[in-house]
Amino acid sequence: MAVPIAVLDCDLLLYGRGHRTLDRFKLEDVTDEYLVSMYGFPRQFIYYLVDLLGASLSRPTQRSRAISPETQILAALGFYTSGSFQTRMGDAIGISQASMSRCVANVTEALVERASQFIHFPEDEAAVQNLKDDFYGLAGMPGVLGVVDCTHVAIKAPNAEDLSYVNRKGLHSLNCLMVCDARGVLLSAETHWPGSLADCTVLQQAALTSQFETELHKDGWLLGDSSFFLRTWLMTPLHIPETPAEYRYNMAHSATHNVIERTFRTIRSRFRCLDGSKGTLQYSPEKSSHIILACCVLHNISLEHGLDVWSSPATGHMEQPEEEYEQMESMDSEACRIRQELLLTHFS
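Residues numbered from 1 in each chain as written. Predicted model: local features only at pLDDT ≥ 70, side-chain atom pairs only at ≥ 80, totals over all residues. Heavy atoms only, no water.

As annotated in an unreviewed UniProt entry, the protein carries the name Putative nuclease HARBI1 and comes from Colius striatus. UniProt, in its Cofactor (unreviewed entry) section for the protein, records the words "a divalent metal cation". (UniProt positions renumbered as here; feature names shortened; annotations may be inferred.)

Put into structure tokens, the structure is as follows:
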């Protein structure tokens, strides 16, 4: 028998499968193991996110079937950690795949709004000194305020004419500039740069450069690899080490800088929407950038909650484009002087 059009519920079409199913999933009714397997995180972490984001996700509405903050967060975590809108995941929390997509958008924007709360350099002297001490404990490199590098995340082609997002591998991507501490906590994350830009160009145009050139940070430096130019606040390895001191410096630099590579692997392993195993992010560059930043925020929050076990390398399909750069020493004489002084003082 035909169903009259008049019985179709617009709220149901917009917000899922009805009030009964939207309320059927309760966190207390399932185990932590189930939550981790489906949504990537345990119960207490999810409760924390509900408290943190609840106000932003509970916009005033007259709809009786508005999706709860708890359900929106579960839907978003499911996507971030699996990389797909799985039907079984939507069924588990009682919403359609279309509703899941809206939930991801809502939670992503709520996390992005709070990015500066969770991703930032320490400001007080004690915290800055702890930062340096932690890095020094890794390989004996003094004065380090963070390690910096870029990583590419695959996205769908914005349009046929726009080649600015095509990287050296011929894939569309965003080139994301990040800095982390010795534990892998992100101190800076700029996720919006087009994939065609080389790492050194990204850094040259980044807010990070303005921050270090115009603000304090005069008593320390970042560590970057040879894709960046030596600066007074950015120590790079020597292209051709010759003396024992130069070899020791390069070895300490490499061992310390490796933290950012491990951090990238951890983020990709935890947030499979970024690793390419389920395909590229099917969003515009702006929305993709926000999803990456939201995952960065969640990464830092997870470390705050003790979920800090280094993960094994991700098995995604997105290979990092190899930078084709000339090994050139900096023309900044002051930067060269600072590095030489570092060599003589700590590695001779």
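Still more to cover.
A. Examining a negative patch on the surface more closely. Taken together, the side chains of Glu123, Asp124, Glu125 and Glu215 define an acidic patch exposed on the protein surface. Secondary-structure assignment places Glu123 in the loop between α8 (115–118) and α9 (125–139). (Patch = residues over 30% accessible without salt bridge, like charges linked within 9 Å, V, L, I, M, F, W, Y side chains within 5 Å. Areas by Shrake-Rupley, 256 points an atom, 1.4 Å probe, with all protein chains shown as cover. Salt bridge = Lys/Arg side-chain N within 4 Å of Asp/Glu carboxyl O. Lys, Arg positive; Asp, Glu negative; His and termini not counted. Charge placed at Lys NZ, Arg CZ, Asp CG, Glu CD. Helix = DSSP H or I, 4+ residues; strand = E, 2+ residues; numbered from the N terminus.)

B. The arrangement of the environment of Ser227 in detail. Summarising the element assignment, Ser227 is placed in the loop between β4 (221–223) and β5 (234–235). Of note is the side chain of Ser227, whose polar atom sits 2.5 Å from the side chain of Asp225. (Polar contact = N/O pair within 3.5 Å; in protein donor to acceptor, adjacent residues only side chain to side chain.)

C. Region of the structure containing the packing of helix α7 (residues 97–113) against helix α13 (residues 285–304). At their nearest, the axes of α7 and α13 sit 8 Å apart, and the two run at 65° to each other. The hand of the α7/α13 crossing is left-handed. Mapping the contact onto sequence places Thr108, Glu109, Leu111 and Val112 in α7 and His290, Ile291, Leu293, Ala294, Val297 and Leu298 in α13. Its residues assigned to classes, the contact of α7 with α13 shows seven nonpolar, two polar and one charged. (Axes fitted to C-alpha atoms, helices over the stretch in contact; angles between N-to-C directions. Left-handed = near helix turned anticlockwise from the far one by under 90°. Contact = heavy atoms within 4.5 Å. Nonpolar A, V, L, I, M, F, W, Y, C, P; charged D, E, K, R; others polar.)

D. Seen up close, the packing of aromatic side chains. Evaluation of the coordinates by the stated rule reveals eight aromatic pairs. Here the aromatic rings of Phe79 and Tyr283 are separated by 6.3 Å at their centres, their planes lie at 75°, and the arrangement is edge-to-face. Placement of Phe79 in helix α5 (residues 69–82) and of Tyr283 in the loop between α12 (244–270) and α13 is noted, with a sequence separation of 204 residues between them. Taking the relative accessible area as the measure of exposure, Tyr283 reaches 17% and is therefore buried. In this structure an aromatic cluster arises from ring pairing among Phe41, Phe45 and Phe271. (Phe/Tyr/Trp six-rings, centres within 6.5 Å; stacked < 30°, edge-to-face > 60°. Buried < 20%, exposed > 50% of the residue type's maximum accessible area, 1.4 Å probe, protein only.)

E. Layout of the pairing of strand β3 (residues 186–194). In terms of residue burial, β3 counts as a mostly covered element, since eight of its nine residues are buried. As paired elements, strand β2 (residues 173–180) and β3 share six bridges and run antiparallel to each other. Bridge pairing in β3 places Val179 opposite Ser188. Taking the residues that link successive antiparallel strands as the turn, the β2-β3 hairpin has five residues, and the phi of Gly184 there is positive, at about 95°. (Pairing = 2+ DSSP bridges.)

F. Geometry of the nonpolar core. One finds Tyr80, Leu208, Leu222 and Leu281 to be the most contacted residues of the largest nonpolar core, which totals 99 residues. Broken down by element, this core gets its largest block of residues, nine residues, from α13. Split by domain, the residues of this core number at least three in each of domain 1 (32–57 + 67–113) and domain 2 (118–283 + 328–347). (Core = buried A, V, L, I, M, F, W, Y, C linked by side-chain atoms within 4.5 Å. Domains from an automatic or database assignment.)

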